[in-house]
Amino acid sequence: MQFIIFQVINPIDPVRLVIGPGFTPETRRVLYRLYGLDKPLWDRYLIYMKNLFTFSFGISFLSRRPVIVDIMSYLPNTLYLLGLAWTLQLLIGIISGLTAASKRGRSWDVTIVSLGLISWAMPAFILQLLFRFVFSSSLKWFPFGMMTSYPPPTAPLDYLRDLLYHTVLPVTTLVAMGFGSWAFYTRNLLIDVLTQDYILTARAKGIKERIIVWKHAFRVILPPIVTMMLMSLPGLITGAIITEYIFTWPGIGWWLIHATMNADYPAVQAMFFIYSILMLLSNFLADLTYGYLDPRIRVGVRR
């Protein structure tokens, strides 16, 4: 489908995007040969399929380098940013959900639910633009753009401090937008578990509420939470797109937007393919993990 969209339904001549008025016809022919555009459509499709399943992905129209080289150069920046934000989302969201469920109807529950609803309902780009305008442009508390200062500090500790300083704004906005869904999901699961008979029995025995929540109820809701954790992994790529573009973070999302705007369809096709692989792999790992955490749904196990 990607091949049909870019080469049949909406064909784009990338050579016209990169050549200038001073390019000779011979240079134009060399570029066509470099990108494989001088071949028939069927041959280009076979090359496209070969590039996908060998993970070479062809040559980028913008950088003139193999697409996989560009991906590997930007990927660590995205993994650092979104991996840190994803971890903080989980910690804050799950702890908030446990707190809200254990104090249902009280001020803590109302506060967590209200904050979660506000952050969940607000569009990502609005919150990020607001943070950028207030804390970077107006108050100038935090820097804007890139991962580090230019030139970056040479001392390791100074470099780490500068990196964390540039990370504060994008990570804060990602955590603020994402913790609400984890809090609601954890809270709803835990409220149902806390009404079970064995929980009431544990309370009747005088077991502390904190122990009941963490050692009894949380273990019951752990399988669906782990499943949701694995299912959210592909969202790291989609979450990177807007965040990295707004904060000019040099990662996969920033690179993908520039590739899309400049009709660099080998790069765009590569990212669509990688996203589909991540989605399938996450579903597969979620099924395996759920069966490991909950023996009742294991397949092929004799009872």
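No experiment lies behind these values; they were computed from the predicted model shown.

Student: Is there a simple way to think about the overall build of the protein chain in this case?
Tutor: Looking only at helices and strands, one finds 13 helices and zero strands in the protein chain. Traced from its N-terminal end to its C-terminal end, the protein chain shows the element sequence α-α-α-α-α-α-α-α-α-α-α-α-α. Out of the 303 residues in the protein chain, the part that is buried amounts to 39%. Within the protein chain, counting contacts between residues at least 6 apart in sequence, those at least 24 apart form 70% of the total. When the accessible surface of the protein chain is summed, it comes to about 17,600 Å², and 68% of that surface belongs to carbon and sulfur atoms.

Student: It is not clear to me how the side chain of Thr167 should be interpreted in this structure. Could you clarify?
Tutor: Within the secondary structure, Thr167 is located in helix H8 (residues 156-193). Residue Thr167 is classed as buried on the basis of its relative accessible area, which comes to 2%. Setting aside chain neighbours within four positions, we find Thr167 in contact with Tyr80, Leu81, Leu84 and Trp249.

Student: Help me understand the nonpolar core in this model?
Tutor: Soluble globular proteins tend to bury their nonpolar side chains together. Formed by 20 residues in total, the largest nonpolar core has its most connected members in Leu81, Leu82, Trp86, Val171, Leu174 and Trp249. Within the residue set of this core, elements represented by two or more residues are helix H5 (67-102), helix H7 (124-138), H8 and helix H11 (235-246). Ranked by residue count, the leading element in this core is H8, at seven residues. Setting aside its immediate chain neighbours within four residues, Trp86 contacts Trp182, Met229, Ser232, Leu233 and Leu236. With 17 residues, the next largest nonpolar core counts Tyr48, Val67, Leu256 and Ala259 among its residues.

Student: Just checking my understanding: could you explain the side chain of Asp162 for this structure?
Tutor: Relative to the helices and strands, Asp162 resides in helix H8. Every residue in contact with Asp162, bar those within four places of it in the chain, is listed here: Met147, Thr148, Ser149 and Pro153.

Student: Any chance you could explain a nonpolar patch on the surface here in plain terms?
Tutor: A cluster of nonpolar side chains, Leu84, Leu88, Leu91, Ile92, Ile95 and Trp214, forms an exposed patch at the surface whose accessible area comes to about 500 Å². Of all the elements, H5 adds the most residues to the nonpolar patch, at five residues. Structurally, Trp214 can be placed in helix H10 (residues 209-231). A residue is classified by how much of its surface remains accessible, and Trp214, at 41% relative accessible area, is partly exposed.

Student: Honestly, unusual backbone geometry in this entry has me stumped. Any pointers?
Tutor: A negative phi holds for most residues other than glycine; trans holds for most peptide bonds. Along the chain, Tyr150 connects to Pro151 via a cis peptide bond; the corresponding omega equals -5°. Tracing the sequence through the fold places Pro151 in the loop between H7 and H8. You will see that Lys140, though not glycine, has its phi angle at about 55°, which is positive. What makes Lys140 exposed here is its relative accessible area of 62%. Located in the positive-phi region is Thr248, a residue other than glycine, with phi close to 45°. Of note, Thr248 is situated in the loop between H11 and helix H12 (252-261).

Student: Whenever I open this one, the packing of aromatic side chains confuses me. Can you help?
Tutor: The description of an aromatic ring pair uses the distance of the two centres, along with the angle that the planes make with each other. The final tally for this structure, using the stated rule, is eight aromatic pairs. Ring centres of Phe57 and Phe273 lie 6.3 Å apart, and the angle between their planes is 65°; on these two criteria the pair is classed as edge-to-face. In this pair, Phe57 is assigned in the loop between helix H4 (41-53) and H5 and Phe273 in helix H13 (residues 265-293), connecting sequence segments 216 residues apart. When sorted by exposure, Phe57 lands in the same class as Phe273, which is buried. When the centroid spacing of 5.9 Å and the interplanar angle of 50° are considered together, the rings of Tyr74 and Trp254 count as tilted. Highlighted residues: Tyr74 in helix H5 and Trp254 in helix H12, separated in sequence by 180 residues. With relative accessibility at 24%, the residue Trp254 sits in the partly exposed group.

Student: How should the packing of H12 against H13 be read in this particular structure?
Tutor: Packed helix pairs are characterised by how far apart their axes lie and by the angle those axes make with each other. With their axes 8 Å apart at the nearest point, H12 and H13 run at an angle of 135° to one another. Here H12 lies oblique to H13, going by the angle between them. Considering only the axes of H12 and H13, their crossing is left-handed. Here Ile252, Trp255, Leu256, Ala259 and Thr260 of H12 lie close against H13, whose contacting residues are Ala267, Val268 and Met271. Here the residues of the contact of H12 with H13 sort into seven nonpolar, one polar and no charged.

Student: I would appreciate a short explanation of the pattern of salt bridges in the present structure.
Tutor: Two side chains bearing opposite charge may form a pair once their charged atoms approach each other closely. Inspection of the entire model under this criterion finds four salt bridges. Between Asp70 and Arg65 there is a salt bridge, with the nearest N and O atoms lying 2.4 Å from each other. The exposure class of Asp70 is buried, given its relative accessible area of 2%. Of the charged contacts in the structure, one is a salt bridge between Arg161 and Asp158, with a shortest N-O distance of 2.8 Å.

The rules we used
Residues numbered from 1 in each chain as written. Predicted model: local features only at pLDDT ≥ 70, side-chain atom pairs only at ≥ 80, totals over all residues. Heavy atoms only, no water. Helix = DSSP H or I, 4+ residues; strand = E, 2+ residues; numbered from the N terminus. Buried < 20%, exposed > 50% of the residue type's maximum accessible area, 1.4 Å probe, protein only. Contact = heavy atoms within 4.5 Å. Areas by Shrake-Rupley, 256 points an atom, 1.4 Å probe, with all protein chains shown as cover. Core = buried A, V, L, I, M, F, W, Y, C linked by side-chain atoms within 4.5 Å. Patch = residues over 30% accessible without salt bridge, like charges linked within 9 Å, V, L, I, M, F, W, Y side chains within 5 Å. Salt bridge = Lys/Arg side-chain N within 4 Å of Asp/Glu carboxyl O. Phe/Tyr/Trp six-rings, centres within 6.5 Å; stacked < 30°, edge-to-face > 60°. Axes fitted to C-alpha atoms, helices over the stretch in contact; angles between N-to-C directions. Parallel < 35°, antiparallel > 145°, perpendicular 65-115°, else oblique. Left-handed = near helix turned anticlockwise from the far one by under 90°. Nonpolar A, V, L, I, M, F, W, Y, C, P; charged D, E, K, R; others polar.

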